[in-house]
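# Architecture at a glance
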Amino acid sequence: MGVRHAVVAGGGIGGLTAAVALTRRGWRVTVCERAPALTGTGAGIMLAPNALRALESIGLGPETWAGDALSDQVGLRTPDGAWLSRPDGGAPSTRHGLPPRAVHRGFLIETLAAALPPDTVRLGVSVTRADDAGDTVVARTTAGDLRADVVVAADGMRSALRGQLFPRHPGIRHAGEAGWRAVLPGTGLPPQPAAETWGAGERFGVVPLVDGRLYVYATAVTGTGPAARPADHHAELTRRFGAWHDPIPALLDRLNQQNPDPVAILHHDFHELASPLPRLHAGRVALLGDAAHAMTPNLGQGGCQAIEDAVVVAHLLAGDADVPAALAAYTKARRRRTTRISRRSRRMGELARLSHPLAVSLRDLAIRATPQAVASRALDTVLGWQPPSGSAPVHAPADVKEQR
């Protein structure tokens, strides 16, 4: 059998991870990305221990993410600064083997792209559908047809391929919140732990990145439809959060600084694939990441689950595996786990969105009363995930090593 060919629709975190994993398994890969450049759209991403182990299994080990690690537990505070749940002090926890690290999405995208052979990624090209052709599949793209042994649909929460394969599925729904995100310089500020502050239907979070910058984000309840876009994001954030505890006012001031460069504030509505797909594949097409199970960001697992998906599907497609059978095994391996994590993230969001004073007081009381050890154990099934056995990485091709 010759070298098999995979077409990956989407050059985001999940798609590029799948491309690296498949390349290390001996596949020839073509990534089709509709954007004119690979960019880490967004701000920060927390690489939890489960995602770090998955990346390590394809050759991207701890040295890739050099920098300060985080506590397994994100601290929780009230708007006046009182701690509901204080993050562990001292050295980062090793309960789950590896302490989490937070990086800029752009850095993660660049790292994954650099691990691919030259000319793997085709920019400005979209995959519009995938048609079965017997023992192959034809990816219809805006630049012509590509024949492949498998198509990996990593084309996001509004996936065109998911719509083709599951036309009766209701698709994504609005999750009732909107959010803001930005990355700020951390110079001149005291060290910040990863923490969120929960108010009445509003949240403000701070996560230190490994490069010394700070990832900040905020959320607000919007109801069941899209939020009205504020005319001035900084003014809206100041109105909502300007009277909250330190260092939030200082961070908001820093958001408004225009020199040397203005800080980009991203605003977006939250959506999720609330109804699970009946399966995560169809024939020779596998869906992963947001295309397969878009979830709310409350557990910080959206990108991490896409990384897990990518490593698992590449593992199952190794060697001369029968592609349809391997993808059926992929659904079996991933659907239950991702559905549970998505539901858990939704429930966490429902708690955070409480706005009635009595409900907020009861929520805060329950968080204070929960021992830290109990909260840590509750995440074991999420963070303790291990890559498939036998998924040690194939060494990178020489031309990839030379790019690093």
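Further up the page is the structure itself.
Overview of the structure. Predicted model, so just to flag it, every value in this text is computed and none were measured.

### Structural notes on the environment of R346
The residue R346 is located in helix α9 (residues 323-352) in this model. Overall, the relative accessible area of 16% leaves R346 in the buried class. Leave out the neighbours within four places in its chain, and R346 touches R173, E272, A274 and T296.

### A look at the side chain of T136
Here T136 is to be found in the loop between β8 (127-132) and β9 (137-141). The residues touching T136, leaving out its near neighbours within four places in the chain, are R147, A148 and R284.

### A short note on the sheet that holds strand β14 (residues 202-208)
Strand order in the open sheet formed by seven strands is β5-β4-β13-β14-β15-β12-β16, and the pairing between neighbours is mixed. Taken across any chain shown, the strands that pair with only one partner, and hence form the sheet edges, are β5 (83-85) and β16 (266-272). On average, each strand axis in the sheet is inclined to that of its neighbour by 25 degrees, with strand direction left out of account. Taken together, the six bridges between strand β12 (residues 173-184) and β16 define a ladder with antiparallel strand orientation. Counted as the bridge partner of W180 is H267 from β16.

### As for the side chain of H233
Mapped onto the elements of the fold, H233 is located in helix α5 (residues 233-241). With sequence-adjacent residues up to four places away left out, H233 is seen in contact with W180, I265 and H267.

Parameters at a glance
Residues numbered from 1 in each chain as written. Predicted model: local features only at pLDDT ≥ 70, side-chain atom pairs only at ≥ 80, totals over all residues. Heavy atoms only, no water. Helix = DSSP H or I, 4+ residues; strand = E, 2+ residues; numbered from the N terminus. Buried < 20%, exposed > 50% of the residue type's maximum accessible area, 1.4 Å probe, protein only. Contact = heavy atoms within 4.5 Å. Pairing = 2+ DSSP bridges. Axes fitted to C-alpha atoms, helices over the stretch in contact; angles between N-to-C directions.

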